[in-house]
Structures are given as C-alpha cells and as structure tokens.
Amino acid sequence: MLERSLAQIRLLLLIPVKLPDIVTLLIGGVAAFLLAFLLTFFVKAICYKVGWLDKPAPRRVHTKAVPRLGGVAIYLAFVIASLFFYTPGPNLNAHANELTIYWLLIAAGALLVLVHAYDDILGLGPWPKLIAQTMAVIIILGPWIDGTFHGILLFTFNNPFGVDHFNPSLPWYREPTLFLVVRNSDIALAAIPAILLTWFWTVGMMNTVNWIDGMDGLATGVVGITALFITIISFMLNQYSIALLSAIFTGAVFGFLPHNWNPAKIFMGDTGSMFLGLALAVLSIMGGAKLALALMVLGIPILDVALVIVNRIRRGQSPLHYDKTHLHHRLMAMGLSVKQICYLFYGVAIIFGLLALSFSGVHAAHFYKFVGIVLVVLTMFGLIIWVDYRQRLHGVHIKLGGPDTPPGGSDEQAPLDSVPESVPEEPAEHKA
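Please read all numbers here as calculations on a predicted model, not as lab measurements.

Engineer: I tried to follow the overall build of the protein on my own but got confused; where do I start?
Structural biologist: If you tally the helices and strands in the protein, you get 14 helices and four strands. A separation threshold of at least 6 residues defines the contact pool for the protein, and within that pool the share at least 24 residues apart is 75%. Surface accessibility of the protein: about 18500 Å² in total, with carbon and sulfur atoms responsible for 71%.

This is the structure we're talking about:
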C-alpha cells in the first residue's frame, strides 16, 4: 500500500514510475538540489520577516543577524524529492523493510526538525533535546506490536579477520559476520545490546554533525561528500533504490551549501545538523556494507569529538563544557581561514571515500576497510601532532575555557557541543 501511494504521487505529477536507474538517480539528486536551493530563499525570507535570527553576541563572531533554520529547507527538499522519485524497487516483498525504514526516517526526521526548530528559535536545555533524539531512534527502530523491529537495528558486523563464506566448523572469530547477541530483529532482552549500539551510533552521528557545524560550510560539505560516497557504493552494490534515496539526500545537502558557504547567509542550526546526522546514520546501515565507509569518510570529525570529550573529562570538566579545542578551532588559531579549513576537511573526506570505494569488491574487502579505518586514526593523530607543532612554533595557545558563561548558566546549551556556524574569512578563534 505504501509503495502504491508513492507510485500514485509520481503518476499524478506526470513522472514516469520507471526510468533507467542512473537517470532516476541523477534527476532525483538534481531535483533535490534545486528544491533545497530555492526553499532556502523562502526559509530565509520568513526568518527575516518574523525575526528568527541568530543575533551577534559575545560568544559569536558574526557581526550581523543571520537566519538559523536552514535545516528546514534541507528536510523539506529531501521529503518532497523522495516522494517524487523514490520507490523501493519492483519487488515489494524484497523491499518492504526498506520502504518501512523510509517512512520511519521521514517520521523521525519530522520530530527532530520540529523540536530543534523550537530550540533554534527559543532555546531548549540539553535533556529535552537528548530525549527527542532518543525518541527519534525508537522511531527508526520500528518496534511494532508483533514483537519485531521493522526499522534499522545494528546487530551484525562484517568480520575483517573472518573467512569469505560461513563454515560451521570454524570458531566464532573466524566467521564472516559477527552477531551482537541476537541474530534477528525480534524484540527480546537479548536485543538490548543491539538497541543500545543503534542508539549510540545514531545519536553519536547526530551530535558529530552538530559539533563540526561550527564553521561556514564545514558540516554541510563533509556530510554531502559522505552521502555522495554512500550513493556511489550503493549503486556499485546494485542497491539502486538505496542509492537513489542517498542521491536525493546528497542533492538536498549540496543545494543548501551555496547559502551556507563563507560568509554564510543562513545557518542550518540544530534543525539541520540533527536531521543530517540521523539520515547519515540510517543510510549507512540500510543495505549493509556502508558502515565502514561512513567511519572512514567521517573518521576525522568522529575522532575529534571523542578526543575533545576525553580531554574535557581528564580536566575534570563536563563533556558539555564549552572550549575551543576542536580541530577546526586549532586550525583557525594557527592561521588558516574558514575556506582553507573547509578545503582541508573536504579533501581528507574525499581521499578516504575514494580509498573505501577502491576496497569495495576486492578479495578480503572487510580487512582492507579495517586497515582504512586504522589509517584514519593515524591521520587524525598526525594532524594533531602537526597542529600542536605549528602552534608551539608560533607561540599560539588554545584557551581551554570559554570567554563567558553561556546563557542558562550551564556549560553547554545543547547536547554535546551544539553551535551555529561562524562567518569570518580571516583567522580568528571561533565559537558561535
């Protein structure tokens, strides 16, 4: 029924239900790009009209009031374009779960957009937003009364040290796939570790995107590049419907980038960063074989988040404490401009994305992807050593605390490190 409704929408709009896969992929991505680009003008105009602006403040570096609801345009572009172009495939039985996941993603995204749009306008504390993120995870899990999860559940991993094909005589650590307690999507106590891991991956992805959204165009570009590689690898694996959905998401993200490029005319806000993180988490699990890709392409931002949290805890501070120790803050402090930092992050993401693609389809691909993740870790530590050396060489010191107490008296206003982008091109410490 759900698939039929999608087909009827496309027919009413005079869009052929079946086009060549690559044509539909390209048209869907371009349509989402144009929709996001145009809808951002509309959202920006509304924000200026009603005064929903991110105004200059001591903790911010932009000198003009800037709209902060760009995520609404990205979400609407994704939904509209996917309704026009996305179908789960010709075989409903084979793709029923994928179609269900699609609608669950739309519903969870709507919840996040509504809650965080309120936050971007009026402000919310960390716990209400964390609760909203947890509710979004419950939605994408899809726990129904029949005792089964119908959404995504992260309970299997490709074993980088396993054999290519299952053999019952082999020990568990040599099996091609490792299972996390459960071997299916039934709702049971044994599924709790898988539920927690799915929560950790999804909420972690949301907040990782949120944390790197501290500079014009940084999060938008990195997420767009990651989604593009998910599109390519899905297409290579003949998962055309997942590739199409990812292409639509890619187009929606890149359609917002011209407005968000330095100096930004609009910020995506928590509204955008949370939806982008949710969509990446879901797309990287759908169809399998893309979790390692996401870890490689987003490895630097993910490790940056982890290291910042660890360092804050080591200093006896809350993980939510405001400071300027993120990698992009350090790069800016040593003299790089906003655009140069974006180019650096984009370049690293593209390199590891291409590396992940080159590993796909080769013998022992899972082992090579594991090696790729190790290379990401080494690259991150290499960047940290290089940045610290340059800072010591030029006598630049990173201030560990913020210049003032944030509104509300808490260390951070949002879960983890929620910040809008900054707009200056010249080197400066940043915390919007």
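Still more ground to cover, so stick around.
Engineer: Would you mind showing me how to read the nonpolar core here?
Structural biologist: Soluble globular proteins tend to pack their nonpolar side chains together in the buried interior. Counting residues in each nonpolar core, the largest one holds 106 residues, and the members touching the most others are Phe78, Phe249, Phe275 and Leu276. For Phe249, the residues in contact, after removing those within four places along its chain, are Phe78, Val223, Ala227, Phe275, Leu276, Ala279, Leu280 and Leu283.

Engineer: Even after reading the chapter, I still don't get the side chain of Ser273, so can you show me in this structure?
Structural biologist: Topologically, Ser273 is positioned in helix α9 (residues 269-285). According to the relative accessible area criterion, Ser273 is buried, its value standing at 0%. One polar contact links the side chain of Ser273 to the main-chain carbonyl oxygen of Asp270, over a distance of 3.4 Å.

Engineer: Looking at this model, I keep getting lost on unusual backbone geometry. Mind explaining?
Structural biologist: Excluding glycine, a negative phi dihedral is what most residues carry, and trans is how most peptide bonds are arranged. Geometrically, the link from Asn262 to Pro263 is a cis peptide bond, its omega value of -5 degrees lying close to zero. Following the sequence through the fold, Pro263 ends up in the loop between α8 (240-260) and α9. Even without being a glycine, Asn238 presents a positive backbone phi close to 65 degrees. Counting through the fold element by element, Asn238 comes out in the loop between α7 (218-236) and α8. Looking at Asn238, the relative accessible area reads 52%, which means it is exposed.

Conventions used here
- Residues numbered from 1 in each chain as written.
- Predicted model: local features only at pLDDT ≥ 70, side-chain atom pairs only at ≥ 80, totals over all residues.
- Heavy atoms only, no water.
- Helix = DSSP H or I, 4+ residues; strand = E, 2+ residues; numbered from the N terminus.
- Contact = heavy atoms within 4.5 Å.
- Areas by Shrake-Rupley, 256 points an atom, 1.4 Å probe, with all protein chains shown as cover.
- Core = buried A, V, L, I, M, F, W, Y, C linked by side-chain atoms within 4.5 Å.
- Buried < 20%, exposed > 50% of the residue type's maximum accessible area, 1.4 Å probe, protein only.
- Polar contact = N/O pair within 3.5 Å; in protein donor to acceptor, adjacent residues only side chain to side chain.

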